[in-house]
Amino acid sequence: MSSTYAIAIRDFTKRYGSFEAVSSLTLEVEPGSICGLLGPNGSGKTTTFKCLLNLARPTSGTMQVEGAPVQPATFEELAYVPERSALYEWLTLADHLEFNRRSYRKYDAKRADELVNLFRLERKKKVGKLSKGQQTAVALILAFSIQPRILVLDEPASGLDPVFQRVVLDLIIEAAAGGATILFSSHQIGQVERAADRVAILKNGRLIVDGTVDSLKGSEKVVEAIFDQAVPEVDGLTSDARIRRVERSGRILRAYVKEDSDGIARRLSEYSPKNVAVMDLNLEDIFINAVGGETALPQGDR
Ligand code: ATP
């Protein structure tokens, strides 16, 4: 079947010796969309990117970009910003831009100028003398100035200050609005929530959450009850099948609810809280529920 996906990773497994870094991952990214790949350290994000880009070999499975395995010609339309700088430290930003101008048909010098000004970089300085954040900015300028149809960005905002992190998000959102497809990883969940249409969460190399940000946020609720005094014991709350987990913090009780949030809210109201509210999950709640929920459970609620 020919793929209509911009990126199609199917049943991908990567082993290093006997260690399985990624297990049977299938991830298909629609053209023009932004997919955020989340996961704790060591969960397999970079391994997936490297195999997708043909920089490492999958143990099994297939990886396709616009319907075909990555080959040298793919890089005319695909920009990759790796987690660690892949720049020539002894060359300047101007040298790197010249290299891009000669290498890429769609290199846009005007766009490159705008981006250099946006990140307030000096063209004549050797890249090795730039700060980590500035080197990240150089890599992003090189990626965005070739007007790629596909961007694979491994923690693109790492080392950048909050102002430039926002600039990167805006670049990602603008690129997608112009029709580009973006697959990016980040530990900044707020950024992913702001930019991504779709989120995939890896844990120990396995895909444990995959969905649009809106559907994930709408799928479960948080019922939050605030009490005047300490949070009371609520009988049977943690064994209630409608509840995923319960968090207590000072006078606040939060129940992460799989279904019937109004019923749970009524139940908590019987304990005379000052206030009870039913709220949507945010992406951080979804992430913690998925990868670390159990460790966040207070002892009494296990
Ligand atoms: P981070 O968020 O910390 O960047 P990640 O999700 O990108 O992490 P990977 O770099 O893909 O994680 O690593 C996944 C697992 O594979 C880790 O346990 C790592 O130690 C292991 N790993 C990665 N590269 C190799 C390698 N070349 N040889 C052996 N093990 C490796």
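Before reading on, note that the structure itself is shown above.
The sections below set out a description of the structure shown in this document.

1. Re the pairing of strand E9 (residues 206–212)
In the sheet, strand E8 (residues 198–203) pairs with E9 via six bridges, with the strands oriented antiparallel. Bridged to alanine 200 within E9 is aspartate 210. Hairpin connection between E8 and E9: a loop of two residues separates the two successive antiparallel strands, and asparagine 204 in this loop has a positive phi of roughly 50 degrees.

2. Focus on the side chain of glutamate 77
Along the chain, the position of glutamate 77 falls in the loop between strand E4 (60–65) and strand E5 (78–81). At 3.0 Å, the side chain of glutamate 77 forms a polar contact with the side chain of lysine 106. Ignoring sequence-local partners within four residues, the contact set of glutamate 77 consists of Arg105, Lys106, Gln147, Pro148, Arg149 and Ile150.

3. Remarks on the sheet that holds E9
Overall, mixed pairing links the six strands, which are arranged E5-E6-E7-E3-E8-E9 in an open sheet. Strands at the two margins of the open sheet, each flanked by one partner only, are E5 and E9. Strand-to-strand twist across the sheet, computed as the mean angle between neighbouring axes with direction ignored, equals 10 degrees. Bridging between strand E3 (residues 34–38) and strand E7 (residues 181–185) involves four bridges; their strand directions are parallel. Across the sheet, the residue bridging to cysteine 35 is leucine 183, located in E7.

Reading guide: rules and limits
- Residues numbered from 1 in each chain as written.
- Predicted model: local features only at pLDDT ≥ 70, side-chain atom pairs only at ≥ 80, totals over all residues.
- Heavy atoms only, no water.
- Pairing = 2+ DSSP bridges.
- Helix = DSSP H or I, 4+ residues; strand = E, 2+ residues; numbered from the N terminus.
- Polar contact = N/O pair within 3.5 Å; in protein donor to acceptor, adjacent residues only side chain to side chain.
- Contact = heavy atoms within 4.5 Å.
- Axes fitted to C-alpha atoms, helices over the stretch in contact; angles between N-to-C directions.

So yeah, pure geometry; function would need other evidence.
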